Amino acid sequence: MASTPTHFSFSLSAQQATTHLSSLQNPKLAPSPRCILLSHQPFSVEPKWASVSSACPTVRSRICASSSQVMDPFAAKTEPGVPTIVDVDLGNRSYPIYIGSGLLHKPELLQRHVHGKRVLIVTNETVAPLYLDKVVDALTRGNPSVSVESVILPDGEQYKDMDTLMKVFDKAIESRLDRRCTFVALGGGVIGDMCGFAAAAFLRGVNFIQIPTTVMAQCVLIDTDTLNTLPDRELASGFAEVIKYGLIRDAEFFEWQEKNMQALMARDPSALAYAIKRSCENKAEVVSLDEKESGLRATLNLGHTFGHAIETGVGYGQWLHGEAVAAGTVMAVDMSYRLGWIDDSIVKRVRDILNQAKLPIVPPEIMTVDMFKSVMAVDKKVADGLLRLILLKGPLGNCVFTGDYDRKALDDTLHAFCKS
């Protein structure tokens, strides 16, 4: 069966482009700091369906605008090289997510999504020694007509800025890449954001593939073997985002995590594959329901408003994103309880599971009430001067995105977690 490559197009006015590029500037200088992993908001993603070769066994899951799927804990022990596929259903902009062990050894998975004969891999100094050669091999094995260039960026959130972004453009121009080239992001959330933005802007949009090496990045191809080289702290940080899905919309998934967090921390391959699959399915379903983030998609930011304030307050790189989100989630849950929207059992369960994951449940001592309020006042979810928050409401697995809450509850939460 012939395959249809994934295609991403981009169209922004000059004014819009300037606005979106500002989000990649130094977080300490930007008026509205953002640290959003694999956010497609800066560019328009228009992938086409990619068919799967009958020679490659798969487990496929198509996610449409429907209710959450029934859990199947540890369903299907993953076999090396046999991907589970989650299809993100966005009509003619749909795209597949491949999940499994040893997928970098299946060159056909990558090659079917490559346009033209030129590829640029964007990675960083940490990931390149581990996986760059493997990805180059996967792109070129049995396919000598494809030439691959690479650009290796410095590693760290602090390098998510215009100077670093220009290194990608410089390499693309130096290599004389054309509009049929493909950009490949090999790394975590920062690399995904930088490469995705560059792919969207270069020559008004070129093909884009992402291969994540962290738990928090979501993409076209997820080889779970890459998680084996993550430091323990980075691995735990990613679980903050996994836990979030259970809290906001998938109670059964949260209950599964409570029982299996130790297996996740021990890097059990089946547990990791299942957690990533369910997380991708949950996000895919939300995106299919609210692609342009008119409301529902904002619920994916549970804990992020408090978390972004922590990242800004202590300086990017001091706390990992997931660590800040974890503490921010506890604060959002605390505020939900003060509003009378959830019972105290949920508060305890959230603290317990984050403790299991060795994640912080309080902000750093340096944070003050005024620091939180100053940063939160310019959060992207502020509308007409009103700070809207994602809060839990009702039974586990339910949340709201709202600005209609008692401001005293927010003040009480901030004072409970800050010394001043």
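Residues numbered from 1 in each chain as written. Predicted model: local features only at pLDDT ≥ 70, side-chain atom pairs only at ≥ 80, totals over all residues. Heavy atoms only, no water.

### A look at the nonpolar core
(1) Moving on: Ranked by internal contacts, the top residues of the largest apolar core, which has 77 residues, are Phe306, Met335, Leu354, Phe372 and Leu410.
(2) Moving on: Apart from residues no more than four positions distant in its own chain, Phe372 is found in contact with Phe306, Ala309, Ile310, Met331, Pro363, Met367, Leu414 and Cys418. (Core = buried A, V, L, I, M, F, W, Y, C linked by side-chain atoms within 4.5 Å. Buried < 20%, exposed > 50% of the residue type's maximum accessible area, 1.4 Å probe, protein only. Contact = heavy atoms within 4.5 Å.)

### Focus: unusual backbone geometry
(1) Moving on: Unlike most non-glycine residues, Arg267 shows phi in positive territory, near 65°.
(2) Moving on: Notably, Asp384 is not glycine yet its phi reads approximately 55°, a positive angle.
(3) Moving on: Mapping Asp384 onto the fold places it in the loop between strand 9 (382-383) and strand 10 (386-387). (Helix = DSSP H or I, 4+ residues; strand = E, 2+ residues; numbered from the N terminus.)

### Examining helix 11 (residues 344-356)
(1) Moving on: Its 13 residues give helix 11 an end-to-end C-alpha distance of 19 Å, which sits within 8% of 18 Å, the value for a rise of 1.5 Å per residue.
(2) Moving on: Looking only at helix 11, the buried set comprises Ile346, Val347, Val350, Ile353 and Leu354. Down the axis of helix 11, the buried set is contained in an arc of 140°. They therefore lie on one face. In helix 11, the exposed positions angled more than 90 degrees off the buried face are occupied by Asp344 and Lys348.
(3) Moving on: Looking at the buried residues of helix 11, the elements they touch are helix 6 (232-248), helix 7 (251-265), helix 10 (321-338) and strand 11 (389-392).
(4) Moving on: Backbone geometry just after helix 11 places Lys358 at a positive phi near 60°. (Expected span 1.5 Å × (residues − 1). Arc of directions from axis to C-beta.)

### A look at the pattern of salt bridges
(1) Moving on: The full count for this structure, using the stated rule, is 18 salt bridges.
(2) Moving on: Asp137 is the salt-bridge partner of Arg141, the closest N and O atoms lying 2.6 Å from each other.
(3) Moving on: A relative accessible area of 34% means that Asp137 is categorised as partly exposed.
(4) Moving on: Close ionic contact of Glu149 with Lys171 constitutes a salt bridge, the shortest N to O distance being 3.9 Å. Residue Glu149 is found in strand 5 (residues 147-153), and its partner Lys171 is found in helix 4 (residues 162-174); the two are separated by 22 residues along the sequence.
(5) Moving on: For Lys171, a relative accessible area of 19% puts it in the buried group. (Salt bridge = Lys/Arg side-chain N within 4 Å of Asp/Glu carboxyl O.)

### A few points about the pairing of strand 6 (residues 182-187)
(1) Moving on: Most of strand 6 sits inside the fold, with six of its six residues counted as buried.
(2) Moving on: Summarising the sheet, strand 4 (residues 118-124) and strand 6 pair through four bridges and their orientation is parallel. Paired with Ile121 across the bridge in strand 6 is Val184.
(3) Moving on: Pairing of strand 6 with strand 7 (residues 207-212) involves six bridges; the strand directions are parallel. Residue pairing in the sheet places Thr182 in a bridge with Asn207 of strand 7.
(4) Moving on: Remark: the strand 6/helix 5 (residues 189-201)/strand 7 crossover connection has right-handed handedness. (Pairing = 2+ DSSP bridges. Right-handed = clockwise from strand over helix to strand, strands pointing away.)

### What about the sheet that holds strand 6?
Backbone hydrogen bonds are what pair the strands of a sheet, in a parallel or an antiparallel way.
(1) Moving on: One open sheet holds the four strands; their spatial order is 5-4-6-7, and the pairing between them is parallel. The open sheet terminates on both sides in strands that have one partner only, identified here as strand 5 and strand 7. Pairs of neighbouring strands in the sheet enclose a mean axial angle of 20°, with direction left out of account.
(2) Moving on: Across the face of the sheet, helix 3 (residues 128-140) comes into contact with strand 4, strand 5, strand 6 and strand 7 while running at roughly 165° to strand 4.
(3) Moving on: In the packing of helix 5 onto the sheet, the strands contacted are strand 4, strand 5, strand 6 and strand 7, and the crossing angle to strand 6 comes to about 170°. (Axes fitted to C-alpha atoms, helices over the stretch in contact; angles between N-to-C directions.)

### Remarks on the side chain of Glu281
(1) Moving on: The topology assignment puts Glu281 in helix 8 (residues 269-289).
(2) Moving on: The class for Glu281 is buried, based on a relative accessible area of 2%.
(3) Moving on: Here Lys277 takes part through its side chain, which lies 2.8 Å from a polar atom of the side chain of Glu281. (Polar contact = N/O pair within 3.5 Å; in protein donor to acceptor, adjacent residues only side chain to side chain.)

### Some remarks on the environment of Gly238
(1) Moving on: Examined against the element boundaries, Gly238 turns out to sit in helix 6.
(2) Moving on: Exposure remark for Gly238: the relative accessible area of 1% places this residue in the buried category.
(3) Moving on: Through-space distance from the C-alpha of Gly238 to that of Glu323 is 8.5 Å; in sequence the pair is 85 residues apart.

### Brief notes about helix 8
(1) Moving on: Over its 21 residues, helix 8 extends 30 Å from the first C-alpha to the last, a length consistent with the 30 Å expected when each residue adds 1.5 Å.
(2) Moving on: In terms of residue burial, helix 8 counts as a mostly covered element, since 19 of its 21 residues are buried.
(3) Moving on: The backbone nitrogen of Ser270 has a side-chain oxygen 3.1 Å away, supplied by the residue at the start of helix 8, namely Asp268.

### A short note on the confidence of the model for the chain
(1) Moving on: On average, residues of the chain score 80 in pLDDT, and 79% of them are at 70 or above.
(2) Moving on: The low-confidence segment residues 1-58, where pLDDT is below 50, has 148 contacts with residues more than four positions distant or belonging to other chains.
(3) Moving on: Here residues 60-73 scores under 50 on pLDDT; set against residues more than four positions off or in separate chains, the count is 47 contacts. (pLDDT = per-residue confidence, 0-100.)

### Observations concerning the environment of Ala172
(1) Moving on: Positionally, Ala172 belongs in helix 4.
(2) Moving on: A C-alpha to C-alpha distance of 9.2 Å links Ala172 and Ser150, two positions 22 residues apart in sequence.
(3) Moving on: The contacts of Ala172, once residues within four sequence positions are left out, are Leu120, Leu177, Phe183 and Phe202.

### Brief notes about the pairing of strand 4
(1) Moving on: Of all seven residues that make up strand 4, six are buried, and the element is covered over most of its length.
(2) Moving on: Examined bridge by bridge, strand 4 and strand 5 share seven bridges and lie parallel to one another. Residue pairing for strand 5: Val122 is matched across the bridge by Val151.
(3) Moving on: Handedness of the crossover joining strand 4 and strand 5 through helix 3: right-handed.

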